[in-house]
Amino acid sequence: MEPWSCDELDAAAECLARARYAIALTGAGLSVESGIPPFRGPGGLWTKHGEPPLDGYQRFLADPRRAWEERLNPAGPMRELWEALTAARPNPGHAALVELEDLGILKCTITQNVDNLHRAAGSARLLEIHGNATLIRCIECVARYARESIDFAELPPRCPSCLGILKSDTVSFGEPIPPDVLERCFEESERADCMIVAGTSATVYPAAQFPMAIQERGGDLVEVNPYESELTALCRHALRGPAGEVLPQLVERVRARL
Ligand code: APR
């Protein structure tokens, strides 16, 4: 498809500037320009190595010690992902969403990314629906701790507050999304009349249902993605380009309308 045009940027900016309650949904594509590979599509980790088993959480519960040994000594695609996560820094796409938040346009960012880059960029109104790789969560009381504050001498590590088993905060395949985050995501998407959908294939649920619900209610979707996704047909505006280039230009045009 043709790369994004100025007319499309202007139309998308107009849509955002007059939105009553705009939010964003982001995916792995937003962090590609920070050096983290996506999961699907060209250069995707799962494209290269195959999708991981869908019972990751059941495997964790069956043998949390072993699961922790594997997480602390990642191999194969997980090692590639972990090394990229550790070296990554926010890119202009992350910064642009922070600017939209500071302008009062973006009311919330729901991210599927576990890479902590939205936080590092300064996003304040952020919901990490798949968790955060720098955090550890108790599977009993759902308390979260900074990874560096946990002692891994004994595996599995135990919750300092309830002695429950601790797990990476990242949501494994087969694991229910922690209710505290999921409820907030539903609340925010039910309030929204406009959503930026940046860097996601929109193939994983429940995240993918939020933009669909907004569109069904007559809201506007603004897609930022170099390639078509499952959502493209539902989008009012589709900006075909890399988020790190498109989003800063979009912000400038929104700012010019305020
Ligand atoms: N800018 C914007 N979008 C990009 C860029 C870029 N520079 N590069 C690639 N993309 C797009 C791809 O075209 C694709 O549509 O980003 C999307 C990435 O899709 P996925 O790899 O499927 O990532 P995501 O949608 O976040 O996956 C959802 O699946 O594997 C699980 O838990 C994992 O959170 C992840 C979830």
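Note that the structure is a prediction, hence the values are computed from the model and not measured.

A. Region of interest: the overall build of the protein chain. Of the regular secondary structure elements, the protein chain holds 10 helices and nine strands. In summary, the protein chain has a C-alpha radius of gyration of 19 Å against a globular reference of 18 Å for 258 residues, a match within 12%. Expressed along its principal axes, the backbone C-alpha trace of the protein chain runs to roughly 60 × 35 × 30 Å. Counting across all 258 residues of the protein chain, residues that qualify as buried make up 49%. Here the contacts in the protein chain between residues at least 6 apart in sequence split such that 69% fall between residues at least 24 apart. On the protein chain, roughly 12,000 Å² of surface is accessible, and the fraction owed to carbon and sulfur atoms is 52%. Each charge class in the protein chain was averaged separately, 26 positive and 37 negative side chains, and the resulting centres sit 2 Å apart.

B. Examining the environment of G219 more closely. With respect to the element layout, G219 can be found in the loop between α9 (209-216) and β8 (220-224). Separated by 116 residues in the primary sequence, G219 and L103 have C-alpha atoms spaced 21 Å apart. Not counting residues up to four positions away in its chain, the partners in contact with G219 are D193 and I214.

C. Quick look at the site of the ligand. The ligand sits among 22 residues. The nearest are F39, R40, T200, S201 and N225. Within the side chain of N225, one N or O atom sits 2.7 Å away from an oxygen atom of the ligand. The fraction of the free accessible surface of the ligand (740 Å²) that becomes covered by protein chains is 92%.

D. Broad picture of the layout of surface pockets. Its volume calculated, the second largest pocket comes out at about 170 Å³. Around the second largest pocket, the lining is made up of 13 residues, and of these L85, T86, D115, N116 and T134 lie nearest the centre. For the lining of the second largest pocket, the elements supplying multiple residues, two or more each, are α5 (76-87) and α7 (117-121). Here the lining of the second largest pocket takes three residues from α5, the largest share from any one element. Its residues placed into classes, the lining of the second largest pocket shows seven nonpolar, three polar and three charged.

E. Seen up close, the sheet that holds strand β6 (residues 166-168). With antiparallel pairing, the three strands of this open sheet are ordered in space as β5-β4-β6. Each of the sheet's edge strands pairs with one partner strand only, and the pair in question is β5 (144-146) and β6. Strand-to-strand, the axes of this sheet are offset by a mean angle of 35°, without reference to chain direction. Pairing analysis gives three bridges linking strand β4 (residues 135-138) to β5, with the strands arranged antiparallel. Paired with I136 across the two strands is Y145, which belongs to β5.

About the cut-offs
Residues numbered from 1 in each chain as written. Predicted model: local features only at pLDDT ≥ 70, side-chain atom pairs only at ≥ 80, totals over all residues. Heavy atoms only, no water. Helix = DSSP H or I, 4+ residues; strand = E, 2+ residues; numbered from the N terminus. Rg over C-alpha atoms; globule rule 2.2 N^0.38 Å. Buried < 20%, exposed > 50% of the residue type's maximum accessible area, 1.4 Å probe, protein only. Contact = heavy atoms within 4.5 Å. Areas by Shrake-Rupley, 256 points an atom, 1.4 Å probe, with all protein chains shown as cover. Lys, Arg positive; Asp, Glu negative; His and termini not counted. Charge placed at Lys NZ, Arg CZ, Asp CG, Glu CD. Near = heavy atom within 4 Å. Polar contact = N/O pair within 3.5 Å; in protein donor to acceptor, adjacent residues only side chain to side chain. 1 Å grid on protein atoms, 1.4 Å probe; cavity = no way out; pocket = protein on both sides within 12 Å on 5 of 7 lines; lining within 4 Å. Points joined across faces, edges and corners; volume = space filled by probe spheres on them. Nonpolar A, V, L, I, M, F, W, Y, C, P; charged D, E, K, R; others polar. Pairing = 2+ DSSP bridges. Axes fitted to C-alpha atoms, helices over the stretch in contact; angles between N-to-C directions.

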